[in-house]
Each structure stands twice: as C-alpha cells, then as structure tokens.
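Chain and residue survey
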Amino acid sequence: MRKNKGSAGIDGMTVDELPEHLKTHWPALREQLLAGTYQPSVVRRHAIPKSGGGERELGIPTVVDRFIQQAILQVLGPRFDPTFSQYSYGFRPRRSAHDAIVQAQRYVNEGRRVVVDVDLEKFFDRVNHDMLMGRLAKRIEDKRLLGLIRRYLEAGMMANGVALQRHEGTPQGGPLSPLLANVLLDDVDKELERRGHAFVRYADDCNVYVRSKRAGNA
C-alpha cells in the first residue's frame with residue numbers, strides 16, 4: 001500500500017496512520033473476522049480519464065479494508081494463480097505487460113498478422129456476483145471467507161456524499177479485485193484454448209491472433 005501511494009478511503013485514514021490504528025483496534029477486528037460478522041466500509045468513488053476517451057471508475061476502500069483484502073490475496077493468490085492460463089498476463093506475479101507484448105510478437109512472427117480485439121466493455125463494473133461466488137465456492141471451503149468476499153463485492157460506493165448500493169461489479173481500486181477478475185475471466189481463457197486459438201489477455205483486454213482476415217471475421 002505504501003509502495004502504491006494509495007489514497008485514503010471514505011474515513012480519511014492514511015496508510016501511515018494504519019499501524020497505530022491496528023495497535024488499538026486489531027483485536028476487535030480479528031474477532032469480527034473470525035466470527036464472520038465484519039462489515040466492510042463503503043468505497044470511495046474516484047473516476048480517472050481513459051486514454052481512449054471516457055472514464056474508468058475506481059472504488060477506493062479504506063486502508064483497513066485494503067489491509068484485510070491484501071491478507072486474503074496473499075492466501076488465495078498462490079492457490080488460484082498456478083491454475084490460470086499461461087496466456088493471461090494482467091495482475092499476476094512475475095508477469096507484466098512486456099511479457100504480453102513478447103508473446104504477441106511471437107504470434108506475429110509465426111505469420112498470425114491479423115488481430116481480433118475482444119472488447120469486454122465495462123467488465124469490472126458488470127461482474128455478476130453470483131457467477132463469481134459460484135466459481136470461488138468450488139475452491140474455497142471456508143464459509144466465513146466466502147461471506148466476507150461477498151460483502152466486499154456488495155459494499156456500497158460513496159459518490160457525491162451519497163452511498164449507492166452495488167449489485168454487480170468489482171470496482172478497481174482494492175487489492176482483491178484483480179484476482180477476482182482473473183478468476184472469472186479464466187473461463188474465457190480456457191474456452192479460447194479449447195478452440196485452439198492463439199491469444200494474449202491482459203486483464204479485460206484480449207487479442208486473438210489469426211493468419212487471415214477471413215479467419216478473423218469468422
């Protein structure tokens with residue numbers, strides 16, 4: 001969190017203030033987490049401009065919630081990541097946008113000069129919570145953890161002083177959101193692999209490489 005220079009959530013607490021806060025409040029937070037009663041705070045809406053026009057909506061959790069999400073990520077990441085496609089590069093350890101470019105160049109050198117751009121418009125804003133939780137429930141036994149993740153998904157968003165309910169989406173801004181997105185998008189990767197396609201995916205951006213325009217149109 002310090003490395004990313006993360007900003008404060010709705011409570012205004014900074015990353016530097018978190019350690020002192022946890023000295024006092026961690027026992028109670030831990031008890032709530034173990035009892036399955038912890039309720040995440042609403043996230044702070046923050047819109048940033050996209051390079052191609054329009055805006056990308058971020059949901060900035062409080063630093064306490066980012067701390068808890070990071071702990072969850074450090075447990076679930078090693079369990080889920082090894083099962084993801086080798087052609088998925090976004091938000092994964094020891095993988096980068098540069099690696100995705102290198103793989104794309106290999107496809108081009110093989111003669112796959114036509115690129116089909118798969119546009120998953122507003123993917124992070126439209127994630128179906130039930131579908132995602134169904135995928136997670138197949139791999140996670142702890143019902144308390146599943147319940148906590150569901151509450152993070154459903155935590156409201158504060159916009160212009162009004163807390164808005166959320167019934168879909170996993171807004172970018174918290175540590176856990178990228179992993180949850182990859183869990184759901186892995187279905188796309190596996191289907192592309194099943195069909196024998198050459199592709200590269202980075203988060204919700206996916207390119208399929210083919211040898212002719214006819215193949216691309218198909």
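In short, a report on the structure. Note that the structure is a prediction, hence the values are computed from the model and not measured.

A few words on the environment of L153. Among the structural elements, L153 can be located in helix 6 (residues 143-154). According to the relative accessible area criterion, L153 is buried, its value standing at 2%. Placed 90 residues apart in sequence, L153 and V63 show a C-alpha to C-alpha distance of 16 Å.

Taken as a whole, this structure holds 6 aromatic pairs when the rule is applied. On the numbers, 6.2 Å between centres and 45° between planes, the contact of F91 with Y202 is tilted. Taken as a pair, F91 in the loop between helix 2 (63-80) and helix 3 (97-109) and Y202 in strand 6 (residues 198-202) lie far apart in primary sequence, 111 residues in all. Ring centres of Y107 and Y209 lie 5.2 Å apart, and the angle between their planes is 35°; on these two criteria the pair is classed as tilted. With a gap of 102 residues between them, Y107 in helix 3 and Y209 in strand 7 (residues 205-210) connect regions that are remote in the sequence. Put simply, the rings of Y87, Y107, F199 and Y209 touch in pairs and so form one group of aromatic residues. Lying over the aromatic face of Y89, R95 brings its terminal NZ or CZ to 5.0 Å of the ring centre. The ring of F80 carries the charged tip of R139 above its face, separated from the ring centre by 4.4 Å.

The sheet built from 3 strands is open, its strands ordered 3-7-6 with antiparallel pairing. In this open sheet, the two strands that pair with only one neighbour each are strand 3 (114-119) and strand 6. Strand-to-strand twist across the sheet, computed as the mean angle between neighbouring axes with direction ignored, equals 20°. Where strand 3 lies against strand 7, 6 bridges are found, and the strand directions are antiparallel. Its bridge partner being in strand 7, D117 is matched across the sheet by N207. Strands in contact with helix 3 are strand 6 and strand 7; relative to strand 6, the strand with the most contacts, it is inclined by about 165°. Those strands touched by helix 7 (residues 177-194) are strand 6 and strand 7, and its axis lies near 170° from that of strand 6.

Procedures and definitions
Residues numbered from 1 in each chain as written. Predicted model: local features only at pLDDT ≥ 70, side-chain atom pairs only at ≥ 80, totals over all residues. Heavy atoms only, no water. Helix = DSSP H or I, 4+ residues; strand = E, 2+ residues; numbered from the N terminus. Buried < 20%, exposed > 50% of the residue type's maximum accessible area, 1.4 Å probe, protein only. Phe/Tyr/Trp six-rings, centres within 6.5 Å; stacked < 30°, edge-to-face > 60°. Lys NZ or Arg CZ within 6 Å of the ring centre and 35° of its normal. Pairing = 2+ DSSP bridges. Axes fitted to C-alpha atoms, helices over the stretch in contact; angles between N-to-C directions. Contact = heavy atoms within 4.5 Å.

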